[in-house]
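Read off the chains here:
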Amino acid sequence: MADNQSANIQALLSALNVFTRAPDKTSLENANSWLQDFQHSPEAWSTCNVLLLSPDAPPAAKLFAAQTFRSKVTYDLHQVDPSNLLPLRDTLVTALERYQSGPKTIITQLCLALSGLALQLPAWDNALQSIVETFGANPATVPVLLQFLTVLPEEVSGNTRIPVTDDEYRERSTKLLSDNSEQVLELLSMYLQATGVTHAVQSQIFDCLRSWLVAGEIDMPAFGKSPLLAFAFEALASEELFDSAVDVVCEMIHETQEIDDNMPVIELIVPRVIALKSRLEDQKDDPEKIRGYAKIFAEAGETYRLLILQHTDTFYPIVEAIGQCSAYPDLDIVPITFPFWMRLAQTIGKKTTISPLFGEAYKALMGVVIRHLHFPPDLASMTGQEADNFRSFRHVMGDTLKDCCLVLGADACLLSAYGLITMALSRGPQAISWQEIEAPLFAMRSMGAEVDVMDDTAVPKIMDLIPSLPIHPRVRYAALLIISRYTEWINRHPDYIAYQLQYISAGFEDPDTEVSAAAGQALKYLCQDCKQHLIEFLPTLHTFLTTTGAKLTQDDRRQVYEAIAYVISAMSMEKAAESLRTFSLDILSQIHAISSKSTAVTKQELKEVGYGLENLEVMLHVVGPFGDQLPAACQNSCQEAWSIFDTFISKFAFDYDTSERVTRVLRHGITLFGQSSLSVASSVLSRMVTSFEATGFSSFLWISGKFVGRFGHESDPVLRNAFQNLYERATNKVVSLLQSKDSRDIPDVLEDYVQLLLQLIRMAPDIFFQSSAFPLAFRATMAALTLIHSDLVFASLDLFRDILTHESLTPSSSPPPKTVMEKEGFEFVGCILSGLVGDFPEDSTAVVVTIFRAVALLWSTQLVAWLPPILQQLPPSSTPNQVKQQFLLDVTNSLNTAQYDKVKYSILALHRASRKARDRRRVTPLNQA
């Protein structure tokens, strides 16, 4: 046995030694896997004890041993004979005594192990007291005791992996924490006041106190009587203790949120909090100090906001202090205050009357936020990341402006921002910066959600102001986004539409791409929300496209087409059809021209056609279907359009982007033309499968599946022949691809292929099962199950469920699925179980249960023979051997007694056990946590 332990130690040291070098990835993975397997083994208990107490063991091995004890106490305590549990405790305490001087990482792991053991070991009746007696009397070991007291509530409250029942947890947590909280307070108070206590120990005391506060185990009335409360505030004057003291003060405030129960303590806390207000000015040059005070004031404001409203004279200094923190120039600190302003505004909104002081506070806040919104004078001084962060933060500040609207009213806030602009403009163009105009404009946009669409006070002034704003890209960008935000208001005030269209049109001509993009967005929302009013402007928009459209970027052009489509959707059916035809013909003519070109087509020409397809797609998406009866303007359009697309695809299917775009347009064509598409369906499917065979592009399978789903119920023999032709040729191509490529390289092809199969089995099962393609399709779908791709796995499992539960399958029948399963069953079941304990999505278990039950019902004899070698192949890391044995026993019993429904519980148990094993391995052996 000693030789075996020595061998284990040598193997362990060798595995750990891999991490000290710079090895290849495979060596690291192998070493990591070995260490995890070792951690699971019963031998790890004794081996790690030897390592931990060996003076010659390297530091990494000692740390690993301590981590292993923590892990095994959490997961593997069942490996220890009950009679050895108290000796195990003694072993851990002895190790902790050995390492009382460090390193801290080992002390922490041993304390965590003892905490987890205390939770699971009722026989250790006086756990906390015994640790106090062991480590609490000697000043040299007090830091060890404080570390144990710190992690105990964290481990008991937070480690959900420890296997105890709810009743056991309630009983032990009460015994360990609640029953000892008063003693812990006394102990911490005693150490805090001890002669010669160091800053390091004081910091540990605060960390420990915070841990017990967070766990909710401190009785606040008792805390109010202890010296700890006063000392936490006094420690804010100490450089060494400041951060720890901030955390404790915030937690003690938070723990008094039950105001009625804690008023005596609150009366002690609040004066001390208010006394900190003067330090905001005294220490304004120290951002880290201001950050700490901001946390304290914000916590006090949020916790005591009802008291602030009820006793404003007493508590208002807290609001003033938070206002000062909001005005601080460091924008990393400012957001700390935002949750307070939001919650206070929500509370104020429920009150009928409030002190005017709060109105003043929110007016001041609005001014502060708008100042923070200003871009720096020199934008070039910001890095790209800094600029992105600032833009994101502006939107966060915009939410705070909405809080101001809640208290002050949207009109008042808008007029305030409006006043800042008019005041700046009154000084003349030479005396103002663009930032002074842009920041209030951004504020107006942020507050747009709060505006009443019937407002006739503030918004008309803003709309009248926009055309007279300075011509600067940032100003124009902000103004265009205001138009985007206020389009619902404009719909109620259509007199402004002409002026807004002029301003938007000018935005498209701006050389700044962000401005033209904002113009596209403004036009889109204007047309979406004001479409009825814009019908008369449609000829103007068409002229704009034909004259200016070519100068726009594709993103802007697409937004214009989307905007136009919204207007078309508001027209009567006949007029909408005529307008859609007009705009579509521009694009179809472009497609026809390039298809008919006798010379080689350039990449740019093909790209431009691709843009046209994008624009047509967005129009068709917005306009939607016309219903069963097509308007006169669309009667022959389906055949005409398909003839153009057929020629185009035959020439340009090899271009991937083109194939993606054209098939998306065809998808909307099915929606637009509905049943009229049936006349071209066979031709479309023929072209699609020919193109897929030639290119291997998945988009051709995708659109084929849409046609099968739409017309699969049709009995037309020509169409059904087209379905079979599609099925067989597509399957042969997929099989060919799988022979030449790894399945991981073609997940898009496999997903669209499986989706096509799902449509076939549901719409044309006779074709699906009776075709010679069925065995090949079965194997191809099995390949799809091996990929880590949730949508594809779900689709594949759905297909197999539909196959194995199809009505043609009975114990006495012999349809094609039975023949295929006789041949593929072993590999198929292995694939299903491997995925279940491996990488299948969490929500797939129910489908796996259905599949496995069907296999058990129809192939029970074969399943009994298949399972042993299949289970042998499953990795022990995800499926421990005892789990495999139990699964095989449970399934065999279910089959032998013909209780096929019980295989469900076997599958669920296997899944739970594998997930538990995998979750454990996600924490690597060298994790310091």
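Residues numbered from 1 in each chain as written. Predicted model: local features only at pLDDT ≥ 70, side-chain atom pairs only at ≥ 80, totals over all residues. Heavy atoms only, no water.

Okay, the overall build of the chain next. Secondary structure summary: the chain contains 48 helices and zero strands in total. Each principal axis of the C-alpha distribution contributes one length, and for the chain these read about 95 × 90 × 50 Å. Sorting the 929 residues of the chain into buried and exposed places 53% on the buried side. Of all intrachain contacts in the chain linking residues separated by at least 6 positions in sequence, the fraction that spans at least 24 positions is 74%. Summing over all exposed atoms, the chain offers an accessible surface of approximately 41,100 Å²; the carbon and sulfur share of this is 51%. Both charge centroids of the chain, one from 75 positive and one from 107 negative side chains, sit 4 Å from each other. (Helix = DSSP H or I, 4+ residues; strand = E, 2+ residues; numbered from the N terminus. Buried < 20%, exposed > 50% of the residue type's maximum accessible area, 1.4 Å probe, protein only. Contact = heavy atoms within 4.5 Å. Areas by Shrake-Rupley, 256 points an atom, 1.4 Å probe, with all protein chains shown as cover. Lys, Arg positive; Asp, Glu negative; His and termini not counted. Charge placed at Lys NZ, Arg CZ, Asp CG, Glu CD.)

Okay, the layout of surface pockets next. Roughly 530 Å³ of internal volume is contained in the largest pocket. Residue lining of the largest pocket: 18 residues in total, with His40, Pro880, Gln882, Ala917 and Arg920 positioned closest to the centre. Among the elements of the structure, helix H2 (25–40), helix H47 (881–896) and helix H48 (903–921) are those that each provide at least two residues to the lining of the largest pocket. For the lining of the largest pocket, the leading source of residues is H48, giving five residues. For the lining of the largest pocket, the per-class residue count stands at seven nonpolar, six polar and five charged. By volume, the second largest pocket amounts to about 400 Å³. If you go around the second largest pocket, you meet 26 residues; those closest to its centre are Ser637, Ala641, Phe645, Leu672 and Phe673. At the level of elements, helix H33 (573–596), helix H34 (603–623), helix H35 (637–652), helix H36 (656–673) and helix H37 (678–695) are the ones that each hand at least two residues to the lining of the second largest pocket. Partitioning the lining of the second largest pocket into residue classes produces 20 nonpolar, four polar and two charged. (1 Å grid on protein atoms, 1.4 Å probe; cavity = no way out; pocket = protein on both sides within 12 Å on 5 of 7 lines; lining within 4 Å. Points joined across faces, edges and corners; volume = space filled by probe spheres on them. Nonpolar A, V, L, I, M, F, W, Y, C, P; charged D, E, K, R; others polar.)

For the coordinates displayed, the defined rule picks out zero disulfides. Its sulfur unpaired, Cys250 is 11 Å from the next cysteine sulfur, which belongs to Cys325. When its relative accessible area of 10% is taken as the criterion, Cys250 is described as buried. (Disulfide = S-S within 2.5 Å.)

Bringing the nonpolar core into the picture now. If you look at the biggest cluster of nonpolar residues, it comprises 327 residues, and the most contacted ones within it are Met252, Phe645, Phe828 and Leu833. In terms of residue count, the dominant contributor to this core is helix H6 (residues 104–120) (ten residues). Apart from residues no more than four positions distant in its own chain, Phe828 is found in contact with Phe778, Met782, Phe800, Leu804, Met821, Ile851 and Val855. (Core = buried A, V, L, I, M, F, W, Y, C linked by side-chain atoms within 4.5 Å.)

Mapping Ser914 onto the fold places it in helix H48. According to the relative accessible area criterion, Ser914 is buried, its value standing at 0%.

Once that is clear, we can look at the confidence of the model for the chain. Across the chain, the average pLDDT comes to 91, with 98% of residues at 70 or higher. Here helix H1 (residues 2–18) is the element of the chain with the lowest mean pLDDT, 72, and helix H17 (residues 287–303) is the one with the highest, 97. A low-confidence stretch, residues 924–929 stays under pLDDT 50, and its non-local contacts, those more than four residues away or across chains, total 20 contacts. (pLDDT = per-residue confidence, 0-100.)

Let us now look at empty space enclosed by the protein. Over the atoms a probe the size of a water molecule is rolled, and this reveals where empty space is left. Going through the model one piece at a time under the given rule, you end up with one cavity of 30 Å³ or more. By volume, the largest cavity amounts to about 40 Å³. In terms of lining residues, the largest cavity is bounded by Phe648, Ile649, Phe652, Ala653, Thr658, Ser659, Val662 and Phe700. Those elements giving two or more residues to the lining of the largest cavity turn out to be H35 and H36. Taken together, the residues of the lining of the largest cavity sort by class into six nonpolar, two polar and no charged.

Here we come to the side chain of Ser637. On the secondary structure map, Ser637 appears in helix H35. Among all residues touching Ser637, those that are not within four sequence positions of it are Arg581 and Phe673.

Further remarks concern the pattern of salt bridges. One pass over the full model with this rule turns up 38 salt bridges. With a closest N to O distance of 3.9 Å, Arg210 and Glu251 form a salt bridge. With a gap of 41 residues between them, Arg210 in helix H11 (residues 199–214) and Glu251 in helix H14 (residues 242–254) connect regions that are remote in the sequence. Close ionic contact of Asp742 with Arg744 constitutes a salt bridge, the shortest N to O distance being 3.1 Å. In this structure Asp742 comes out as partly exposed when scored by relative accessible area, which is 32%. Classification of Arg744 by relative accessible area gives exposed; the value is 63%. Overlapping salt bridges bring together Asp555, Arg558, Glu614 and Arg661 as one network. (Salt bridge = Lys/Arg side-chain N within 4 Å of Asp/Glu carboxyl O.)

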